[in-house]
Amino acid sequence: MTSGLWELVLRGVWVTVQLLVFGGLLATAVSFAVGIARVDRRWIVRFLAGVYTEVFRGTSALIMIFWVYFVLPLASGWQLVPMWAAVLALGLTYGAYGAEIVRGALNSVDPAQREGGIALSFSPWQRMRLILLPQAVPEMIPPFANLLVELLKGTALVSIMGMGDLAFSGSLVRLALQESVEIYTYILLIYFVIAFLLTRAMRALERRLKAGVGRAPAKKADAAPTRVAETAGAGGGA
């Protein structure tokens, strides 16, 4: 490929990364807001959060992008630029899936932890902030990593609006060169590299968060002497 075509692909990578970052931030905010609302004591809050979750999980991300970009301006007279229309549609859609991750992680915390907070006269928000979330968040990281990878793949849907993301730029380069195998192999590898770096970063975050609550897994180098000592102790006792 010529330098001009590579520049087009790199611009597409930048657009895709922006969609991933901004869409991921919105999806994360929505996930925590709706997920916490799903375990609220008030039934009306749980009901409204459940309605949101079911609506956005039950609709296509592609149709949601269409709706936000083409239908919303007709209904409200407010036209979003393609970037923010895509971020809004993707963030709200994937945030609904993330809300179930948050709800499940919060419900997995030992009930005795909640009871301890009540015994200490903590308010519901204090129990959530000081007891439940610090223990639940590390458990959310692996499924959130999968969700962000799905969001990365979902960014290719924005090409329907003519946005110059990675998938759209790859299509333009393919048309210019009339070479499908080479171009789409490059695009496939670029998506893989972004997803790989994302999952590695999320694993590092998971280890750090678990270490913060005293649940970091023991390293093999540290575990081996312990097993040797236990074996020696058992032999000496015999």
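The structure under discussion appears in the preceding block.
Here's a quick rundown of the structure.

So, on to the overall build of the chain. Secondary structure assignment for the chain yields nine helices and zero strands. Going residue by residue from the N terminus, the α and β elements of the chain occur as α-α-α-α-α-α-α-α-α. Counting all 238 residues of the chain, 36% fall into the buried class. Surface exposure of the chain reaches about 13600 Å², of which carbon and sulfur atoms provide 66%.

Before going further, it helps to spend a moment on unusual backbone geometry. Phi is positive for Ser-121, close to 65°, though the residue is something other than glycine. Inspection of the secondary structure assignment puts Ser-121 in the loop between helix H5 (111-119) and helix H6 (124-154).

Within the secondary structure, Arg-127 sits in helix H6. One buried charged side chain, Arg-127, makes no salt bridge at all; its nearest oppositely charged neighbour is Asp-40, positioned 9.6 Å away. A distance of 2.9 Å separates a polar side-chain atom of Arg-127 from the backbone oxygen of Phe-122.

Taken as a whole and judged by the stated rule, the model has seven salt bridges. Put simply, Glu-54 and Arg-57 hold a salt bridge, and the shortest N to O gap is 2.9 Å. With a gap of three residues between them, Glu-54 and Arg-57 both fall in helix H2 (residues 43-57), about one helical turn apart. Glu-206 serves as the salt-bridge partner of Lys-210, at 3.2 Å between the closest nitrogen and oxygen. With a gap of four residues between them, Lys-210 and Glu-206 both fall in helix H8 (residues 180-212), about one helical turn apart. Taking relative accessible area as the criterion, Lys-210 reaches 19% and is therefore assigned buried. Linked by salt bridges that have partners in common, Arg-38, Glu-100 and Arg-103 make up one network.

So, about the packing of aromatic side chains. Under the criterion given, the structure shown has nine aromatic pairs. With a centroid separation of 4.9 Å and an interplanar angle of 80°, the aromatic rings of Tyr-69 and Phe-70 are classed as edge-to-face. On the accessibility criterion, Tyr-69 (18% relative accessible area) is buried. By the ring-pair criterion, three or more aromatic residues cluster together here, those being Phe-66, Tyr-69 and Phe-70.

Further remarks concern H2. The end-to-end C-alpha separation of H2 is 21 Å, in line with the 21 Å expected for 15 residues at 1.5 Å each. Among all positions in H2, only Ala-49, Gly-50, Tyr-52, Thr-53 and Phe-56 are buried. Take H2 and look down its axis: the buried residues cluster within an arc of 160°, on one side only. For H2, the exposed residues lying more than 90 degrees away from the buried face are Trp-43 and Leu-48.

By size, the foremost hydrophobic cluster in this structure holds 60 residues, and its most contacted members are Leu-19, Met-140, Val-158, Met-161 and Met-163. Within the residue set of this core, elements represented by two or more residues are helix H1 (3-37), H2, helix H3 (61-76), helix H4 (82-107), H6, helix H7 (166-177) and H8. If one sorts the elements of this core by residue count, H6 sits on top with 14 residues. Apart from the residues within four sequence positions on either side, Met-140 is in contact with Phe-32, Ile-101, Val-102, Ala-105 and Leu-133.

Helix-helix packing is characterised by the crossing angle of the two axes and by the distance between the axes. Orientation of H3 relative to H4, taken along the N-to-C sense of each, is 135°, at an axis distance of 9 Å. Comparing the axis directions of H3 and H4 gives the class oblique. The element H3 and its partner H4 pack so that their crossing is right-handed. Between H3 and H4, the contacting residues are Ala-61, Met-64, Ile-65, Val-68 and Tyr-69 on the first element and Pro-82, Ala-85, Leu-88, Ala-89, Leu-90 and Thr-93 on the second. Across the contact of H3 with H4, the residue classes break down as ten nonpolar, one polar and no charged.

How each quantity is defined
- Residues numbered from 1 in each chain as written.
- Predicted model: local features only at pLDDT ≥ 70, side-chain atom pairs only at ≥ 80, totals over all residues.
- Heavy atoms only, no water.
- Helix = DSSP H or I, 4+ residues; strand = E, 2+ residues; numbered from the N terminus.
- Buried < 20%, exposed > 50% of the residue type's maximum accessible area, 1.4 Å probe, protein only.
- Areas by Shrake-Rupley, 256 points an atom, 1.4 Å probe, with all protein chains shown as cover.
- Lys, Arg positive; Asp, Glu negative; His and termini not counted.
- Salt bridge = Lys/Arg side-chain N within 4 Å of Asp/Glu carboxyl O.
- Polar contact = N/O pair within 3.5 Å; in protein donor to acceptor, adjacent residues only side chain to side chain.
- Phe/Tyr/Trp six-rings, centres within 6.5 Å; stacked < 30°, edge-to-face > 60°.
- Expected span 1.5 Å × (residues − 1).
- Arc of directions from axis to C-beta.
- Core = buried A, V, L, I, M, F, W, Y, C linked by side-chain atoms within 4.5 Å.
- Contact = heavy atoms within 4.5 Å.
- Axes fitted to C-alpha atoms, helices over the stretch in contact; angles between N-to-C directions.
- Parallel < 35°, antiparallel > 145°, perpendicular 65-115°, else oblique.
- Left-handed = near helix turned anticlockwise from the far one by under 90°.
- Nonpolar A, V, L, I, M, F, W, Y, C, P; charged D, E, K, R; others polar.

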